[in-house]
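# What the coordinates show
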Amino acid sequence: MTTPAIICVAITGSLPQKSDNPSVPITVAEQVKSTREAYEAGATIAHCHVREDDGTPSSNPGRFADLKAGIEAACPGMIVQLSTGGRSGAGRARGGMIPLRPDMCSLSVGSNNFPTRVYENPPDLVDWLASEMAAHDVVPEVECFDLSHLYQAAAMHGDGRLPRTPYCQFVMGVRNAMPVDRVAFDAMLASKRHLFGDAPWCAAGIGAGQAVLNDWAAEAGGHLRTGLEDNVRLDKHTLAPSNAALVERAVEIAARHGRRPATAHEARAILGIGDAP
């Protein structure tokens, strides 16, 4: 039986502003509404950042708590994944929301170049974030911006820092990091299979690469990430009217490969996450 496709919607991120696309949700209320629409379109993971009301990135645990509660109420069973990324905080402040015990948190296990700066993930911080997730029974999603990040995740799994077989996401298309390139994608996938066998995995493409990575992942049996964090357009000339519109496109891409969107219950089973209370 063909595995249903888990669709993750990255609803706002830290960078896109309403000046880039008026549909980018900023406030908690806007994010909950946008997530509900995406959930109804087929998304079963919400990848969450928080902002101040002026759009400034934030790592405020109180805002994360409000967003988590809002999504859980509006989207029954949806997997809530909170970001520990570095654009909205520094050092251990990046993990201040982990004690909220979301279903998942993102975890970058190595550094790499971003368009205008180095995305720093020093080993001591990575180890602390991983230990916090383990202590609070939070499932990490390992964001792999480079092939070496897969091998670092394997080393951390091997010595117990990541107790569960890692759920890895290939991130392609960030300028100065891994490009949207089929040879690179195939190398990532071959390494993932070498290191983690048939464990589930995901792929995310930035900008115009979003639809490309949706297609490659759906074809290869992986799971799909979409959303306004990564891409504010449907095509070169058309702004995406909503997160839901990008989810609908991901659903259509998956269908071309004979795959339907996973339900929330199926997504939790695939990722080994217990049912929501």
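Owing to the predicted nature of the structure, the values given are computational and were not obtained by experimental measurement.

Time to look at the sheet that holds strand E12 (residues 223-226). Taken in spatial order, the 8 strands close into a barrel running E1-E2-E5-E6-E9-E10-E11-E12, and their pairing is parallel. Across this sheet, the average inter-strand angle for adjacent strands is 25 degrees, counted without regard to direction. The strands that helix H7 (residues 243-256) touches are strand E1 (7-10) and E12; relative to E1, the one it contacts most, it runs at about 155 degrees. Helix-sheet contacts for helix H8 (residues 264-271) involve strand E2 (45-48), strand E5 (79-82), strand E6 (104-108), strand E10 (167-172) and E12, and the interaxial angle to E5 is about 55 degrees.

Quick look at the nonpolar core now. In this structure, Cys-48, Ile-71, Met-78, Phe-170, Phe-185, Trp-201 and Val-247 are the most contacted members of the largest nonpolar core, which totals 61 residues. Counting 12 residues, the second largest nonpolar core, distinct from the first, contains Cys-8, Val-139, Tyr-167 and Ile-273.

Once that is clear, we can look at the pairing of E12. Here E12 shows no split at all, with His-223 and Arg-225 on one side and Leu-224 and Thr-226 on the other all buried. As paired strands, E1 and E12 are joined by 3 bridges and run parallel to one another. Within E12, the position partnered with Cys-8 by the bridge is Arg-225. In this structure, strand E11 (residues 201-205) lies alongside E12, joined through 2 bridges in parallel fashion. Pairing of Cys-202 across the sheet is with His-223, part of E12. As for the winding sense of the linkage, the β-α-β connection from E11 through helix H6 (residues 209-220) to E12 is right-handed.

For the rest of this paragraph, the subject is unusual backbone geometry. A positive phi angle is found at Arg-101, which is not glycine, with a value near 60 degrees. Tracing the chain through its elements places Arg-101 in the loop between E5 and E6.

Our focus in this paragraph is the packing of helix H4 (residues 147-158) against helix H5 (residues 182-196). H5 packs onto H4 with a crossing angle of 10 degrees between their chain directions and a minimal axis gap of 10 Å. The angle between H4 and H5 places the two elements in the roughly parallel class. From H4, Leu-147, Leu-150, Tyr-151, Ala-153 and Ala-154 reach across to H5, where they touch Ala-187, Met-188, Ser-191, Lys-192, His-194, Leu-195 and Phe-196.

Turning our attention to helix H3 (residues 123-135). In this model H3 runs 18 Å from its N-terminal to its C-terminal C-alpha over 13 residues, within 8% of the 18 Å that 1.5 Å per residue would give. Within H3, burial applies to Leu-125, Val-126, Trp-128, Leu-129, Ala-130, Glu-132 and Met-133. In this fold, the buried residues of H3 make contact with E6, strand E9 (139-144) and H4. Note on H3: the residue one or two positions beyond its end, Asp-137, has a positive phi of about 55 degrees.

Conventions we followed
- Residues numbered from 1 in each chain as written.
- Predicted model: local features only at pLDDT ≥ 70, side-chain atom pairs only at ≥ 80, totals over all residues.
- Heavy atoms only, no water.
- Pairing = 2+ DSSP bridges.
- Helix = DSSP H or I, 4+ residues; strand = E, 2+ residues; numbered from the N terminus.
- Axes fitted to C-alpha atoms, helices over the stretch in contact; angles between N-to-C directions.
- Contact = heavy atoms within 4.5 Å.
- Core = buried A, V, L, I, M, F, W, Y, C linked by side-chain atoms within 4.5 Å.
- Buried < 20%, exposed > 50% of the residue type's maximum accessible area, 1.4 Å probe, protein only.
- Right-handed = clockwise from strand over helix to strand, strands pointing away.
- Parallel < 35°, antiparallel > 145°, perpendicular 65-115°, else oblique.
- Expected span 1.5 Å × (residues − 1).

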